[in-house]
Amino acid sequence: MSRTEPRTAAIILAAGKGTRMKSALPKVMHRIAGRTMIGHVLANLKPLGSQPNVVVLAPGMDQVASEVAPLPVAIQADQLGTGHAVGCARQALGDFEGTVLVLFGDSPFISTATLASLVARRQGADNPAVVVLGMRPADPAKYGRLILDQDGALDRIVEWKEASEAERAVTLCNSAVMAIDGKMLWSLIDRVDNKNAKGEYYLTDIVELARRDGRACAVVEAPEAELMGVNSRAELATAEGLYQEQRRALAMEEGATLTDPRSVFFAADTKLGRDVVIGPNVFFGPGVSVADDVEIRAFCHIEGARIESGAVIGPFARLRPGSEIGMDAHVGNFVEVKNSVLGKGAKANHLSYLGDADVGARSNIGAGTITCNYDGYMKARTIIGEGAFIGSNSALVAPVKVGDGAIVGAGSVITRDVEADAIAVARGEQVTRAGRARDFRAQRQKLKQDKTRK
Ligand code: UD1
Ligand code: MG
């Protein structure tokens, strides 16, 4: 059930090939802040509660179909234009009669607020048939132009290719996003033809058609930054940069300290608590949540991790998916953690690999400790109890357990379980021969002299 009344539905166009990306990946699958472009569109749309949301794809775009699942997909066999693409969603929309939003999979930044204002305008007292999202870009370039009548209402949209000099001088441009009266949509789309400069079925023609039917059309303006589309790798990088700037500002607004905001990279879904301090050059991949009072020192790479309050991470730490770092735990320099749980107050401060491990509360993992979790075929788990002490440069060959309060001697290779409060030492015995170094030196020196004399 929809939460908006009267109801809203959406059609998201994403059948374009995106040739300028020069990529095997469909354009809308490219990521900004770890989230696909179409994922951004859907995330911004979600709060509106629109239903159904239909995604128009070209044949073979299976990756996109699974990315948007369970949303219904409509296939546009040939890319005959934006008007034709909307027509392909007809069956999936059924007899829907509320407001239909048309969005684009490669315009990831249109905010929920802007979409809501478009829908609100569509439901205004004058009941406009079509409300178009307009913009006044610094460079109007080859965007379609929005032509207003004497009363300032939207009269028609003219594509750049067809525009006269006077029309090209208009600075109000078409973003191509629209809100349309569902009762009229199909009768408008049926009348769109392809007799134009590009030989395409232009969605933009529905404005003129609705006016001919005596219906009003309107424009809602939004900032250019929200409406940017991504067509090339360079534009993808620009979009990433713009997104990161906003995300950093939001993090600070919500109570995080960023020593050098420009060198911190967030994922779209990064969650930060209060009084989190983030040093320079920190990268967040998807799926990270950070609780209050956590310090993340310089040069950390973190993805798929949950960090509890008071923990200290880094400098130079790497947290990989499935890492759960407990309250007040420490993960220090050159420590890699993967699919592992560190209990409250546990410490792994230097040069370690903890993979598929459980480390109990207050346990100390010495420098250079490695959990050997992979035998070339299968992964296995290392389980360390509470208050244990693993000496430096130990290898824990999983599957293996070290009990509560146990101590593992430095340099051990642990292949069998160690019971609670035991000391396990598994390394070569030390042999010391008094005076042997002096004898050795004398012997070698003599040998060398004999050789050079010959
Ligand atoms: C469109 C607008 C133009 C506007 C511009 C803003 C039309 C006719 N023109 O032009 O007024 O200023 O966007 O960026 O709408 N698509 C399909 N199937 C198709 C054709 C397109 O799914 O058959 C999708 C593409 O994947 C793309 C979007 O629709 O995401 C826009 O298509 P595109 O060809 O880029 O339209 P523009 O020429 O840029
Ligand atoms: Mg375009």
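As the structure is a prediction and not an experimental result, all values here were calculated from the model.

Student: What exactly am I supposed to notice about unusual backbone geometry here?
Tutor: Peptide bonds are mostly trans, and most non-glycine residues show a negative phi. A cis amide bond links Gln51 to the next residue, Pro52, at an omega of -5°. Within the element layout of this structure, Pro52 appears in the loop between α1 (37-45) and β4 (53-57). For Phe299, which is not glycine, the phi dihedral falls at a positive 60°. By relative accessible area, Phe299 is classed as partly exposed at 41%. Positioned with a positive phi, Asp356 is a non-glycine residue whose angle comes to about 50°. Within the element layout of this structure, Asp356 appears in the loop between β26 (347-355) and β27 (357-359).

Student: Teacher, can you tell me more about the layout of surface pockets here?
Tutor: By rolling a water-sized probe across the atoms, one finds the places where empty space is left. Estimates place the volume of the largest pocket at around 1,600 Å³. What lines the largest pocket is a set of 40 residues, among which Arg20, Thr82, Asp106, Lys198 and Asn231 lie closest to the centre. Broken down by element, the lining of the largest pocket gets its largest block of residues, four residues, from strand β10 (residues 173-181). Residues belonging to the lining of the largest pocket are distributed by class as follows: 15 nonpolar, 14 polar and 11 charged. If you trace the second largest pocket, you find 14 residues lining it, with His40, Asn44, Tyr243, Gln246 and Arg247 closest to the centre. Within the residue set of the lining of the second largest pocket, elements represented by two or more residues are α1 and α10 (233-253). Among the elements that line the lining of the second largest pocket, the one with the most residues is α10, at four residues. Classifying every residue of the lining of the second largest pocket gives six nonpolar, five polar and three charged.

Student: Would you explain the sheet that holds strand β25 (residues 341-342) in this entry?
Tutor: Within a sheet, adjacent strands bond to each other through the backbone by hydrogen bonds, running parallel or antiparallel. With respect to topology, eight strands assemble into an open sheet ordered β14-β17-β20-β23-β25-β27-β30-β33, the strand pairing being parallel. With partners counted over all chains shown, the strands left at the sheet margins are β14 (271-272) and β33 (400-402), one partner each. Pairing analysis gives two bridges linking strand β23 (residues 323-325) to β25, with the strands arranged parallel. Bridge assignment links Glu324 to a residue of β25, and that residue is Val341.

Student: Teacher, can you tell me more about the pairing of β10 here?
Tutor: Regular strands place side chains that alternate from one sheet face to the opposite one. Taken across its nine residues, β10 has eight buried, putting it largely inside the fold. Looking at chain direction, strand β6 (residues 99-104) and β10 are connected through four bridges and run antiparallel. Its bridge partner lying in β10, Leu101 is registered against Ala179. With five bridges connecting them, strand β7 (residues 130-135) and β10 associate as antiparallel partners.

Student: What is the right way to look at the nonpolar core in this model?
Tutor: Core analysis: the biggest nonpolar cluster contains 68 residues, and Ile11, Ile12, Ile38, Leu45, Val86, Val130 and Ile206 have the highest contact counts within it. Every residue in contact with Val130, bar those within four places of it in the chain, is listed here: Met178, Ala179, Ile180, Leu188, Ile206, Val207, Ala210, Ala216, Cys217 and Ala218. With 45 residues, the next largest nonpolar core counts Val294, Leu319, Ile325 and Ala388 among its residues.

Student: What's the story with α10 in this structure? I'm lost.
Tutor: In an α-helix, one turn spans 3.6 residues; hence positions three or four apart end up facing the same way. Spanning 21 residues, α10 covers 30 Å between terminal C-alpha atoms, matching the ideal 30 Å at 1.5 Å per step. Where α10 is buried, its residues contact β2 (31-32), α1, β12 (257-258), β13 (264-265) and β14. Where α10 ends, the next residue or the one after it, Gly255, has phi of about 105°, a positive value.

Student: I keep staring at the environment of Val294 and nothing clicks. Help me out?
Tutor: As for its placement among the helices and strands, Val294 is situated in the loop between β17 (289-290) and β18 (295-296). As for Val294 and Glu308, which are separated by 14 residues in sequence, their C-alpha atoms are 7.4 Å apart. Excluding residues that lie within four positions of it along the chain, Val294 makes contacts with Asp275, Val276, Val277, Ile307, Glu308, Ser309, Gly310 and Ala311.

Student: Explain the pairing of strand β8 (residues 145-148) here, please?
Tutor: The sheet contact formed by β8 and strand β9 (residues 154-158) spans four bridges and is antiparallel. By the bridge assignment for β9, Ile147 is matched with Arg156. Turn length for the β8-β9 hairpin, with the two strands adjacent in sequence and antiparallel, is five residues, and the turn residue Gly152 shows positive phi of about 80°.

Student: What exactly am I supposed to notice about the side chain of Arg248 here?
Tutor: Within the secondary structure layout, Arg248 lies in helix α10. No salt bridge is formed by the buried Arg248; the nearest opposite charge belongs to Glu245, separated by 5.7 Å. When residues no more than four places from it in sequence are discounted, the contact partners of Arg248 are Leu258, Pro261, Arg262, Val264, Phe265 and Phe266.

Calculation notes
- In this convention, every chain numbers its residues from 1, walking through the sequence in written order.
- For naming, the first written chain is A and the first written ligand is 1, with later ones following in the order written.
- The model is predicted, so local features are restricted to residues of pLDDT at least 70 and side-chain atom pairs to those at 80 or more, both for listing and for counting; the totals for chains, interfaces and linings are taken over all residues.
- Water and hydrogen atoms play no part in the side-chain values, which are based on all heavy atoms of the structure.
- Working definition: helices are DSSP H or I runs of at least four residues, strands are E runs of at least two. Numbering for both runs from the N terminus.
- The buried label goes to any residue with under 20% of its type's maximum accessible area, the exposed label to any with over 50%, and the partly exposed label to all in between, with areas taken from a 1.4 Å probe on protein chains only.
- Detection works on a 1 Å grid of protein atoms alone, calling trapped sets that fit a 1.4 Å probe cavities and calling open sets with protein on both sides within 12 Å along at least five of seven lines pockets, with lining residues defined by an atom within 4 Å of a point.
- Grid points are joined across faces, edges and corners, and a volume is the space filled by probe spheres set on the points.
- Residues are sorted three ways: Asp, Glu, Lys and Arg are charged, Ala, Val, Leu, Ile, Met, Phe, Trp, Tyr, Cys and Pro are nonpolar, and all the rest, Gly among them, are polar.
- Here the rule is simple: two strands pair whenever DSSP picks up at least two bridges between them.
- To qualify as a nonpolar core, a set must consist of buried Ala, Val, Leu, Ile, Met, Phe, Trp, Tyr and Cys residues joined through side-chain atoms within 4.5 Å.
- Residue contacts are counted whenever heavy atoms from the two residues lie within 4.5 Å of one another.
- The span one expects for a helix is its residue count, reduced by one, times 1.5 Å.
- By the counting scheme adopted, Arg and Lys are positive, Glu and Asp are negative, and His together with the chain ends is not counted.
- When a carboxyl oxygen of Asp or Glu is within 4 Å of a side-chain nitrogen of Lys or Arg, the pair counts as a salt bridge.

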